[in-house]
Amino acid sequence: MSIDSIVKSRHLTYEQKLIALAREAENSLHVLNISEEAQKFRDEGIICDLFEGNAPYRPRYIVPDYDNFVANGSKFLGLKPPTDLEDLLNSLLILYKHVPSITSFPVFIGNLDKLIDPFLVDVDDDRAYKAVRRFFLHIDRTISDSFCHANIGPESLRATKIILDVEKELQNTVPNLTMIISKDSPKEMVLQALETSMISSKPSFANHEIFESEFGPNYAIASCYNGLYVGGGSYTLTRLNLHFLAEKAENKEDFFKKWLPLGVELMIEYMDERVRFISDESNYFETSFLVKESLIYKDRFTAMLGMFGLAEAVNCLADSDQRFGHNKDADDLGWRIMDQLDKLVKNHSNPLLSATDGKFLLHAQVGIDSDIGSSPGCRIPIGEEPDILQHIKQASRFHKYFPSGIGDIFQFEPTYRDNIEALYDILKGSFKEGMRYITFYASDSDIVRISGYLVKKSEIEKLRSGKAVLKDTTELGMGAADNLKVMERKIRE
Amino acid sequence: MNLKINKIINFSSVDGPGNRLVVFAQGCNLNCIYCHNPETIDYNQEGYMIEVDDLVKKIVDAKNFISGVTFSGGECSLQYKEIIEVCKKLKKHQMKIMLDTNFSESKEVYSELSEHIEAFIVDLKAYDENIHKRLTGKDNLQILQNIERFYDKIYEVRCVIVPGYNDNEKEMISMFEFINSLDNNINVKLIKFRPYGVREPYDSIESPNDDLMEKYLKLGNKIGLKNIYYK
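Now for a description of the structure that goes with this document. For clarity, every value in this text was computed on a predicted model and none was experimentally measured. (Residues numbered from 1 in each chain as written. Chains lettered and ligands numbered in written order. Predicted model: local features only at pLDDT ≥ 70, side-chain atom pairs only at ≥ 80, totals over all residues. Heavy atoms only, no water.)

**Some remarks on the overall build of chain B**
Inference 1: Check the secondary structure of chain B and you find seven helices and nine strands.
Inference 2: Over its C-alpha trace chain B gives a radius of gyration of 17 Å, about what one expects of a compact globule, namely 17 Å for 231 residues.
Inference 3: For chain B, the spread of C-alpha atoms along the principal axes amounts to about 45 × 35 × 30 Å.
Inference 4: Relative to its 231 residues, chain B shows a buried fraction of 53%.
Inference 5: Within chain B, residue pairs in contact and separated by at least 24 positions form 70% of the contacts whose partners lie at least 6 positions apart.
Inference 6: As displayed, chain B offers around 10300 Å² of accessible surface, 44% of which is attributable to carbon and sulfur atoms. (Helix = DSSP H or I, 4+ residues; strand = E, 2+ residues; numbered from the N terminus. Rg over C-alpha atoms; globule rule 2.2 N^0.38 Å. Buried < 20%, exposed > 50% of the residue type's maximum accessible area, 1.4 Å probe, protein only. Contact = heavy atoms within 4.5 Å. Areas by Shrake-Rupley, 256 points an atom, 1.4 Å probe, with all protein chains shown as cover.)

**Regarding the interface of chain A and chain B**
Inference 1: Each partner contributes residues to the interface: chain A has 19 residues there, and chain B has 14 residues.
Inference 2: Approximately 1400 Å² of surface area, both sides summed, lies buried where chain A meets chain B, with 53% of it carried by carbon and sulfur atoms.
Inference 3: Sorting the residues of chain A by area buried against chain B places A:Leu389, A:Asn419 and A:Asp425 first, and these three jointly supply 36% of that buried surface.
Inference 4: Linking chain A with chain B are two salt bridges.
Inference 5: Of the charged contacts, one joins A:Lys393 and B:Asp61 as a salt bridge, the two residues approaching to 2.8 Å between their closest N and O atoms.
Inference 6: The interface formed by chain A and chain B holds eight residue pairs in polar contact (both at pLDDT 80 or more) in total.
Inference 7: Broken down by secondary-structure element, the contributors of at least two residues to the side of chain A that touches chain B are helix H17 (388–396) and helix H18 (420–432) of chain A.
Inference 8: No other element matches the eight residues that H18(A) contributes to the side of chain A that touches chain B.
Inference 9: Within the side of chain A that touches chain B, the residues separate by chemical class into six nonpolar, four polar and nine charged. (Buried area = accessible area lost by both parts, 1.4 Å probe. Salt bridge = Lys/Arg side-chain N within 4 Å of Asp/Glu carboxyl O. Polar contact = N/O pair within 3.5 Å; in protein donor to acceptor, adjacent residues only side chain to side chain. Nonpolar A, V, L, I, M, F, W, Y, C, P; charged D, E, K, R; others polar.)

**Considerations on the packing of aromatic side chains**
Residues and elements named next belong to chain A.
Inference 1: A full pass over the atoms with the stated rule returns 30 aromatic pairs over all chains.
Inference 2: Both rings, one in Tyr235 and one in Phe301, keep their centres 5.6 Å apart while their planes meet at 45°; by these two values the pair is tilted. One end of the pair, Tyr235, is in strand E8 (residues 232–241); the other, Phe301, is in strand E9 (residues 301–308), and 66 residues separate them in sequence.
Inference 3: For Tyr235, a relative accessible area of 1% corresponds to the buried category.
Inference 4: Aromatic pair Phe285 and Phe301: ring centres 5.2 Å apart, planes at 85°, arrangement edge-to-face. Note that Phe285 is positioned in helix H13 (residues 284–287) and Phe301 in strand E9, a separation of 16 residues in sequence.
Inference 5: Owing to a relative accessible area of 6%, Phe285 belongs among the buried residues under this scheme.
Inference 6: Its relative accessible area of 0% is what places Phe301 among the buried residues.
Inference 7: Cation over ring: Arg58 sits above Tyr57, and NZ or CZ is 4.4 Å from the ring centre.
Inference 8: In this arrangement the basic side chain of Arg336 is found over the ring face of Phe256, its NZ or CZ atom lying 3.7 Å from the centre. (Phe/Tyr/Trp six-rings, centres within 6.5 Å; stacked < 30°, edge-to-face > 60°. Lys NZ or Arg CZ within 6 Å of the ring centre and 35° of its normal.)

**A closer look at the environment of A:Glu24**
All names here are of chain A.
Inference 1: The topology assignment puts Glu24 in helix H2 (residues 14–27).
Inference 2: Note: C-alpha distance between Glu24 and Val230 (206 residues apart in sequence) is 31 Å.
Inference 3: Residues in contact with Glu24, not counting those within four places in the same chain, are Met1, Ile3 and Ile6.

Here it is as structure tokens:
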């Protein structure tokens, strides 16, 4: 969009115009050293930085240590440690307005049940519900971007139940919500969460044992479904389009010998440069009070190397009668590509990524509205989904490669509301098969999970009719509905 | 040993507790006017043979995801010997098995089956013998006796409410009193007649409305049934 069209737009809110103008200002700079080869891959859409901007002046994802904030308050914000429930929620709302990210809104707002629960002593149910309801309503109406993410679980607390009750009632798109589930999570809590997900399309479910084995206990799920260190985050997320890369190859061997190593090499070169600029030139870590007050630590940051279009890459390289998701040889080729990609990425070390021993973390990117013909991450294309059992088993095998996020989404007939235990069985089975992250929603819900974020169908219709809407993610959702067929996901009966 | 089946559904949320793998047997000994998969009635019309071992393999493959297996149909108890073989082979996997049956075979059949399965899901089409004949082509003497014999092994009794046939208070009272006299904790599921898949001319019967279903639900409660609900 030109600056003139942003200023005069009829469908952007004031806030959306402001952010769009800031993006244009940033993009008028050319401060990154990008090689000709990397730029060529960018121009061809093989490397894509997801509109991170030409001069990144904050990390893409920031995951503050909210426990520290609650324990110590904030000198910079002039806040003492909260002493009661209302005080806590008010302080958190204040802090959220000062946590930046790629979207300018916080992508992680805390393990909310754990933060809230200690403040519920001597608070009756009615007061607790009203306060938490008000808090969630405030978040939805002021953080106008669906990549804002809260976590609950794996223990069942009084606050967990209240949050689920509130989410079931409000049916808002923000915050995105993940329930972390461990082997010890009580069934009753999970059933309540599943029931909520069949009404408001959240929470999603994260497999604690998998994340903990990679990060230890101090991780969080931020933005779409990204596993990151608490008190850290990710400098950047840049993604590699395996589909377009495969189209360049003459055959499988040419892909493995030449194009995949070259794609990864140029990705790493480009990402190293973005990380360098944020770390060494932007002065973000030198100026932010989040750093000074130990809410984030530079050495807990990493960077996420994204990929997408695996299905199409496989279909392009495999024999013509072999389709990804439907044929063993095709699926095996998919795993071979991921194995190779994983090795190539782990071969590189960048000392600025000290949180992860210098390594980039792989991320299965969920796609953007302009990705026509290339599926998110390792997902089976919409319209080609196999039987759900086969689908979950196929998908689960890819999840081990992606500490910084991968997820699969399943849409169910509303009749599943009458048998939540059935969903519990499916969830449990998925985790046993090695699934890291999974989402369920009902086909008749107004809220729909586009890819890694939530949008209301009714808001898309409003935007379609030319009206401005509060959430900037509605526009992304509309594009995804038109181009990626996300409303046409298979309904599981 | 082979079973003749119409299809297998890996995941189902409507055929017993939790998520279940459902095996639809081919062939039925009743001919219900509201059958929504009439292609399963004639043993020779459709379906395919599956080796007991292959079926067991398919079930074990889904083991992590299911609360159990339900044999449905058609009428699965017509192939009870084969089903018992499957049950025996699944024993070491601690698989819970239910049979969705019309209970019209001999008591010996269900007696043998009951040693190998967790529970029966019983379709009771009508209590009144004449209504039953109009709905299914056969009487219900054996069925009612089997319900009496095996009630402690029944997970759920299901009844489809079909306007013009069994949708009257007298019939409902008789049916509810019968079940209540056995065990008032048995799950009773009242199902609205729906025209999908039903043969002509019965597909033009209208579905009963919620008010009627609600009325029968209250009637069931009044009689003493504790776990009655409708769909």
